[in-house]
Amino acid sequence: MNAARILIVPGWRNSEPEHWQSLWADRLPNTRRVEQGDWLFPRRQDWVDRLVDEILASRGERVVLVAHSLGCMATVHLPPEAAARVSAALLVAPADPERRAQLADFAPVPHQRLPYRSILAASSNDPYCPVRLAGAYARAWGSEFLRLENAGHINVASGFGEWPQGLQLLAQLGVDVDPAELLRRAA
């Protein structure tokens, strides 16, 4: 496995400190969190531009994206020159911008195959995106699909803090990560 620059791409309203994305950003080496200028009133072009800046700043490094919710939508809206720099993505609990007025600027959702390997993890009872729609996204994007039973939005409110299974998914994407070691460090 090669060393990689991991970019954490939070969703609408950001990820609180106890969220698995925040914990990973603090504990995984060579990891940066993509900060947005406006977490409450997201604009697609602003979010995508910020993500592009972070990807292009990772010169010479393999880039792996770890996106949650609306961060997944920013990821799939990447222009080709930025997407070409990405080697893999873990897409978790994608948003459904076509059904939420606050996220409408991210619609329509692209349905082109992603030019890199990706895993999409979604819950059977996510209140923000039906699992059937998440499965359709996975098929369109060429992502491996992992359906989690009754996992809500795969966030703190759904009981997800450390999320060791997510770290295992990241390892499947070729990131050199030892979930057990990271959990030991956190204790």
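Above this text is the structure in question.
Values in this document were obtained by computation on a predicted structure and should not be read as measured data. Residue positions are given per chain, counted from 1 along the sequence in the order it is written. For a predicted model such as this one, the threshold for reporting local features is a pLDDT of at least 70, and the threshold for listing and counting side-chain atom pairs is 80 or more; totals across whole chains, interfaces and linings nevertheless cover every residue. By convention in this description, side-chain values take in all heavy atoms of the structure and omit both hydrogens and water.

What follows covers the overall build of the protein chain. Helical segments are the DSSP runs of H or I of at least four residues, strand segments are the runs of E of at least two, and each set is numbered from the N terminus. What the protein chain contains, in helices and strands, is 7 helices and 6 strands. For the protein chain, the succession of helices and strands along the chain, N to C, is β-α-β-α-β-α-α-β-β-α-β-α-α. Radius of gyration here is computed from C-alpha atoms only, and the compact-globule reference equals 2.2 Å multiplied by the residue count raised to the power 0.38. Taken against the 2.2 N^0.38 rule, which gives 16 Å for 187 residues, the C-alpha radius of gyration of the protein chain at 15 Å falls within 12% of a compact globule. Its C-alpha atoms put the protein chain at 40 × 40 × 30 Å along the principal axes.

This part covers unusual backbone geometry. Negative phi is the rule for most residues except glycine; trans is the rule for most peptide bonds. The step from Ala 107 to Pro 108 runs through a cis peptide bond, and the omega angle for that step is -5°. For Pro 108, the location among the structural elements is in the loop between β4 (86–92) and β5 (117–123). Phi is positive for Ile 154, close to 50°, though the residue is something other than glycine. Looking at the element boundaries, Ile 154 is found in the loop between β6 (144–148) and α6 (164–172). Of note, the phi angle at Trp 163 is positive, near 50°, even though the residue is not glycine. Only protein chains enter the accessibility calculation, which uses a 1.4 Å probe; a residue whose area is less than 20% of its type maximum is buried, one above 50% is exposed, and one in between is partly exposed. A relative accessible area of 5% places Trp 163 in the buried class.

Moving on to the sheet that holds β4. Strand pairing is assigned whenever DSSP identifies at least 2 bridges connecting the two strands. Ordered by their spatial adjacency, 6 strands build an open sheet running β2-β1-β3-β4-β5-β6, and the pairing between neighbours is parallel. Two strands close off the open sheet at either side, each with one partner strand: β2 (31–33) and β6. Strand-to-strand twist of the sheet, defined as the mean angle between neighbouring strand axes without regard to direction, takes the value 15°. With 5 bridges connecting them, β5 and β6 associate as parallel partners. Looking at β6, one finds that Ala 121 is bridged to Leu 146. Fitting a line to C-alpha atoms yields each axis, with helices limited to the stretch in contact; the angle taken between N-to-C directions then spans 0 to 180 degrees.

Here the focus is helix α5 (residues 131–141). At 3.6 residues per turn, the α-helix brings residues three or four places apart onto the same side. Those residues of α5 lying buried are Val 131, Ala 134, Gly 135, Tyr 137, Ala 138, Ala 140 and Trp 141. If you follow the buried residues of α5, they end up packed against α3 (70–76), β4, β5 and β6. Residue Gly 142 follows α5 closely and has a positive phi angle near 75°. Contacts are assigned to residue pairs that have any heavy atoms within 4.5 Å of one another.

The next subject is the side chain of Gln 21. Inspection of the secondary structure puts Gln 21 in helix α1 (residues 20–27). Gln 21 gets classed as buried once you look at its relative accessible area, which sits at 0%. There is a polar contact of 3.2 Å between the side chain of Gln 21 and the backbone oxygen of Val 9. Looking at Gln 21, its side chain comes within polar contact range of the main-chain oxygen of Val 66, at 3.0 Å. Filtering out sequence-adjacent residues up to four positions away, Gln 21 remains in contact with Ile 8, Val 9, Pro 10, Gly 11, Ser 15, Arg 33, Val 66, Ala 67 and His 68. As used in this structure description, the phrase polar contact means that two N or O atoms lie within 3.5 Å; if the pair is within protein, one of them must be able to donate a hydrogen and the other to accept it, and residues adjacent in sequence are counted only when both atoms belong to side chains.

A separate point is the environment of Arg 100. Along the chain, the position of Arg 100 falls in the loop between β4 and β5. Accessibility expressed as a relative area gives 25% for Arg 100, which makes it partly exposed. Along the primary structure Arg 100 and Ala 171 are separated by 71 residues, whereas in three dimensions their C-alpha atoms are 32 Å apart. Setting aside residues up to four positions removed in sequence, Arg 100 forms contacts with Trp 12 and Tyr 128.

On to the pattern of salt bridges. Every case where a carboxyl oxygen of Asp or Glu lies within 4 Å of a side-chain nitrogen of Lys or Arg is listed as a salt bridge. Considering all chains together, one arrives at 9 salt bridges under this definition. Its salt-bridge partner being Arg 33, residue Glu 35 comes within 3.5 Å of it at the nearest N-O pair. You can call Glu 35 partly exposed: its relative accessible area is 35%. With a closest N to O distance of 2.6 Å, Arg 117 and Glu 144 form a salt bridge. You can see Arg 117 sitting in strand β5 and its partner Glu 144 sitting in strand β6, a full 27 residues away along the chain. Through salt bridges with shared partners, one network takes in Arg 32, Arg 50 and Glu 54.

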